[in-house]
Amino acid sequence: MDVSIIGSGYVGLVTGACFADVGHNVICVDNDARKVESLQAGKVPIYEPGLEELIHRNVSAHRLRFTGSIREAVDNSQIVFIAVPTPQQPNGDVDLSFIEKVAREIAGILTSYRVIVDKSTVPVKTGEKVAESIKRYNRHGAKFDVVSNPEFLREGCAVSDLMHPDRIVIGAQSEHAVDLMKKVYEPFMAPILVTDINSAELIKHAANSFLALKISYINAVSAICESSGADVEKVASGIGADRRIGRDFLNAGIGYGGSCFPKDLAAFITISEQLGVPFNLLKEVQRINSGQKERFLKTIRNTLWVLREKKIAVWGLTFKPDTDDMRSSVAVDLVADLLREGAHVVAYDPKGMEKAREIKAIADAKLAASALEAVEGAEALIIATEWDEFANVDLAIVKEKMTTAIVFDGRNLFDPETMGQLGFHYYSIGRPSVKPQ
């Protein structure tokens, strides 16, 4: 199949590379000339495990190319995917101006049948608006179909998620469009769910909101565990063993972040209110998530007393491991809070250091070259992102380097008993604190 992807961010790049890897001819489009030049030169602007190798392999095989021209993409593709940003607006609604602009550009080019696919996460009824825009601005009377094909990619696992999907959702009104979409996804050998466009659009928001709900649920339980002396990890394993519930997304921590959950949750709340059916449960999910970081900060303040002038090491800045993405990162927010209270913060992240230098809110933090350098002379260590590198560090050396061996583990990365035996004052989420043995 001849396929194009308009938008070369996390979703567009991964989708394009994976489509090419199963044999499709793919054109990736971006309006950022510098990004296009960088990709054409073989430089991948984001970190995602396996992605760089995938791109290089398929560029070399002439199945994948990059351009700044939407016309080139539309003229040479049977199916055009739209994977442009849909940022959150201050009122929680979604900014659809990028999608609307692309729809108008496609309309001005279209002279023969194409399938136009919404890959971006969009509010319900967006597909209808895209179809209206293309029809309104197309002067050639070209036939087309609009399809909703939501992505379910987890940053850090995106290549694997696309190559081995749980399901593929195709929202369409035309059987011909469905048939073409099935051909695109045939090599992936995954279950395909065909729905109307509105249902497909709702599936994405409903799925992400439910996963955010699971995270906030176990975080709410973690507060009860801390007050009662129970262990949230054991509670999560106990309830997660029930097949109706499952263990995934029941990891207590300092809250979810990233480019999807906060934005999609806010959008779903706004959508529900606009439709006259307020989804108040999701507002509570937001409240719990926000409160989780504040509870963690309270523990830090209660333990250290005054934060001003104290040297605090922070491990992790990305919103999750195996990505360099810091959008809506709880770790970044935490560092910003510590800096506002006068702490001297030394931070380290395995993949996020370059992007960290661009974030004004944490500009006063010192960035270390390694995890061990960050803890040199530190009066406390905060674990904000659960990178494997941190789990495998030599904790005996960490203790030697620190001025006072106090650890606040916001991701429950370590075993409390082991930390106590090693001589740490150890505080985690939803588990009893531990003193040196």
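Reading the values: the criteria
- Residues numbered from 1 in each chain as written.
- Predicted model: local features only at pLDDT ≥ 70, side-chain atom pairs only at ≥ 80, totals over all residues.
- Heavy atoms only, no water.
- Helix = DSSP H or I, 4+ residues; strand = E, 2+ residues; numbered from the N terminus.
- Expected span 1.5 Å × (residues − 1).
- Buried < 20%, exposed > 50% of the residue type's maximum accessible area, 1.4 Å probe, protein only.
- Contact = heavy atoms within 4.5 Å.
- Pairing = 2+ DSSP bridges.
- Axes fitted to C-alpha atoms, helices over the stretch in contact; angles between N-to-C directions.
- Polar contact = N/O pair within 3.5 Å; in protein donor to acceptor, adjacent residues only side chain to side chain.

Student: Sorry if this is basic, but what is going on with helix α12 (residues 280–304) here?
Tutor: An α-helical turn contains 3.6 residues, so a residue and the one three or four places further along point in the same direction. With 25 residues, α12 should reach 36 Å at 1.5 Å per residue; the first-to-last C-alpha distance of 37 Å fits that figure. Of the residues making up α12, those classed as buried are L282, V285, I288, N289, Q292, K293, F296, L297, I300 and L304. On its buried face, α12 sits against α9 (197–228), α11 (261–274), β9 (311–315), α13 (330–340), β12 (380–383) and β13 (406–409). One or two positions beyond α12, positive phi appears at W305, with a value near 70°.

Student: Help me out: how do you make sense of the sheet that holds β9 in this one?
Tutor: Think of a sheet as strands paired side by side through backbone hydrogen bonds, with each pair either parallel or antiparallel. Spatially, the six strands line up as an open sheet ordered β11-β10-β9-β12-β13-β14, and their pairing is parallel. Of all strands in the sheet, those with a lone pairing partner are β11 (366–367) and β14 (425–427), marking the two edges. The sheet contact formed by β12 and β13 spans three bridges and is parallel. Across the sheet, I383 pairs through a bridge with D409, a residue of β13. Packing of α12 onto the sheet brings it into contact with β9, β12, β13 and β14, and relative to β13 it is tilted by some 170°.

Student: How should I be thinking about the side chain of D264 in this particular structure?
Tutor: Along the polypeptide, D264 turns up in helix α11. At 3.3 Å, the side chain of D264 and the side chain of K263 are in polar contact. Not counting chain neighbours up to four residues away, the residues in contact with D264 comprise T121, K204, H205, N208 and S209.

Student: I tried to follow the environment of D322 on my own but got confused; where do I start?
Tutor: Following the sequence through the fold, D322 ends up in the loop between β9 and α13. Judged by relative accessible area, D322 falls into the partly exposed class, the value being 31%. Separated by 275 residues in sequence, D322 and Y47 place their C-alpha atoms 7.8 Å apart. Setting aside residues up to four positions removed in sequence, D322 forms contacts with Y47, E48, P49, G156 and W387.

These figures capture arrangement, not role.
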